[in-house]
2 protein chains.
Amino acid sequence: MTRSKSKSFPARDSYHHGDLHSTLVEAAEHLLEKQGLSALSMREVAKLAGVSHSAPYRHFRGKAGLLEAVAQAGFNRLAVMINGAHDAYPDDPEAQLRAAGVAYVEWATENPERTHLMYGGMMKSEDVPETLHACAEDAYAGIFHIIDEGRQAGVFGGDDTDSVVISAWAVVHGLTMLILGSGKVNPANPGEVRQLALRVCDTILDGIRSRTGTGDQPS
Amino acid sequence: MTRSKSKSFPARDSYHHGDLHSTLVEAAEHLLEKQGLSALSMREVAKLAGVSHSAPYRHFRGKAGLLEAVAQAGFNRLAVMINGAHDAYPDDPEAQLRAAGVAYVEWATENPERTHLMYGGMMKSEDVPETLHACAEDAYAGIFHIIDEGRQAGVFGGDDTDSVVISAWAVVHGLTMLILGSGKVNPANPGEVRQLALRVCDTILDGIRSRTGTGDQPS
DNA sequence: ACCTGAACACCGTTCAAGT
DNA sequence: ACCTGAACACCGTTCAAGT
């Protein structure tokens, strides 16, 4: 059982590793979800990737740089999910928002360590790099797009789109944190997670729906 | 500048330390907010408290135990704030909820590292101890109390109190995480934080207000 | 250009020994 | 009962040297 070459992280066929950069990111994601952030060591990641413990430093600016790459990948995934929800329900902003919310909560509760990482659980907020903010911005833009279209169609109200977006994102993300942290809900029970997510989405929809109900609104 | 005895963490006057337990918690809180979680070491906490690096192990079950105590203190603080908001606005559930929400967001943005710690950013969720859940439960009970009274008074609607509580807590906590993690808002600008918190509270209040508006509701 | 292995300073934790 | 200091295994990071 000397798992020196696992299926997911194959050994290279030469002195140089073909694509060590992404191999390291995958290894880090794997160890992160398996052992938790506090037990994640650079040396273990390198060992799992099949290289010496100093090799990663040619590809990332230390441990923080590697974790930053993992967080970025998470935000990119989020943006893809949100845009997918938008495209799946054309001309139905409520359904788009519900689908995006449920997908977010489901993914995040299935990948708790990555989620915590993405929201800065391990770096002093001052030195969170700008590239990470840019990735979060992409996901934010997806929600903004859904809500902005919904407001133009007269489905959603609110004074300005940004504050509606913030409220919508906040409930969904807050629910996720409560599920992960409270012990009141078993994250491994997909039905319960989904039901909670739907309920919370409905509450926020009740809060942001246009009050006129006619489809047009005061300029 | 050999700050071997600071004002906040005074040296003891004998071989035994009078109250090392709480001195260590205070030292940990201080270093946590100053340097961030990843830079917090047990040895530094001990040095700041003025004892040898092995002394803390008589009082806490390792580093995890010390951080657990810090997180517990945070939840207790939260519960006090929520109950304070309740008592400050008798018979006005909307004002109670707004006050609790704003107080929460303000405290959490001023103490970002402690907040991340409380929500499990550094422990595998499986082994978050039961005592921590109990403290979170106290804070949860405070919100529950406000919303339950509001529902009985006909101010709030919803199918069951728990799901309303979850939505309310989620927006507020989610907003906090967004402020800390997004870089879109400067947490050091109290006016902006307060304004955002109020807007988000109003959105959720719009979502949970009773639809009858008369003060009584179907049993 | 990319990877290795020795080296350094640090860390968490334990345990016999001191007061 | 509480605290110390040496000890151990580990970690992040650097750097001359190898391919």
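On a predicted model such as this, the values are computed, not experimentally measured, just so you know.

In terms of helices and strands, chain A carries eight helices and zero strands. Listing every helix and strand of chain A by position from the N terminus yields α-α-α-α-α-α-α-α. Of all 219 residues assigned to chain A, the portion counted as buried reaches 53%. Expressed as a percentage of contacts within chain A between residues at least 6 apart in sequence, the contacts between residues at least 24 apart total 66%. Accessible area of chain A: about 10,600 Å², with a carbon and sulfur share of 51%.

This part takes up the confidence of the model for chain A. Residue and element names in this part refer to chain A. Here chain A shows a mean pLDDT of 86. Residues at 70 or above account for 85%. Summarising per-element confidence for chain A, the mean pLDDT is lowest in helix H7 (residues 161-182) (88) and highest in helix H2 (residues 42-49) (98). A low-confidence stretch, residues 1-8 stays under pLDDT 50, and its non-local contacts, those more than four residues away or across chains, total two contacts.

The subject of this paragraph is the pattern of salt bridges. Enumeration according to the criterion identifies 14 salt bridges over all chains in this entry. Glu106 of chain B serves as the salt-bridge partner of Arg194 of chain B, at 3.3 Å between the closest nitrogen and oxygen. One end of the pair, Arg194 of chain B, is in helix H8 (residues 190-208); the other, Glu106 of chain B, is in helix H4 (residues 93-110), with 88 residues separating them in the sequence. Salt bridges sharing partners connect three or more residues here, namely Glu94, Asp206 and Arg209 of chain A together with Arg211 of chain B.

Moving on to the environment of Ala79 of chain A. Residue and element names in this part refer to chain A. Here Ala79 is to be found in helix H3 (residues 62-88). Taking the C-alpha atoms as reference points, Ala79 and Gln195, separated by 116 residues in sequence, lie 23 Å from one another. Non-local contacts of Ala79, meaning those with residues more than four positions away in its chain, are made with Asp138 and Ala139.

Moving on, we get to helix H1 (residues 20-35) of chain A. Since the α-helix turns once every 3.6 residues, residues separated by three or four places project in the same direction. Residue and element names in this part refer to chain A. End to end, H1 covers 22 Å across 16 residues, agreeing with the expected 22 Å (1.5 Å per residue, within 8%). Check the buried side of H1 and you find it contacts H2, H3, helix H4 (93-110) and helix H5 (112-118). The positive-phi residue at the C-terminal boundary of H1 is Gly36, with phi of around 90°.

Right, let's talk about the protein's contact with DNA strand C for a bit. In the vicinity of DNA strand C, 23 residues are found, and the nearest of them are Ser52, Ser54 and His59 of chain A together with Arg43 and Lys63 of chain B. The sugar-phosphate portion of DNA strand C accounts for 48% of its atoms within 4 Å of the protein, the bases making up the rest. Within the side chain of His53 of chain A, an N or O atom sits 3.2 Å from a base nitrogen of DNA strand C. Within the backbone of Lys63 of chain B, one N or O atom sits 2.8 Å away from a phosphate oxygen of DNA strand C. Elements represented by at least two residues in the surface near DNA strand C include exactly helix H2 (42-49) and helix H3 (62-88) of chain B. Classifying every residue of the surface near DNA strand C gives eight nonpolar, 10 polar and five charged.

Definitions and cut-offs
- Residues numbered from 1 in each chain as written.
- Chains lettered and ligands numbered in written order.
- Predicted model: local features only at pLDDT ≥ 70, side-chain atom pairs only at ≥ 80, totals over all residues.
- Heavy atoms only, no water.
- Helix = DSSP H or I, 4+ residues; strand = E, 2+ residues; numbered from the N terminus.
- Buried < 20%, exposed > 50% of the residue type's maximum accessible area, 1.4 Å probe, protein only.
- Contact = heavy atoms within 4.5 Å.
- Areas by Shrake-Rupley, 256 points an atom, 1.4 Å probe, with all protein chains shown as cover.
- pLDDT = per-residue confidence, 0-100.
- Salt bridge = Lys/Arg side-chain N within 4 Å of Asp/Glu carboxyl O.
- Expected span 1.5 Å × (residues − 1).
- Near = heavy atom within 4 Å.
- Polar contact = N/O pair within 3.5 Å; in protein donor to acceptor, adjacent residues only side chain to side chain.
- Nonpolar A, V, L, I, M, F, W, Y, C, P; charged D, E, K, R; others polar.

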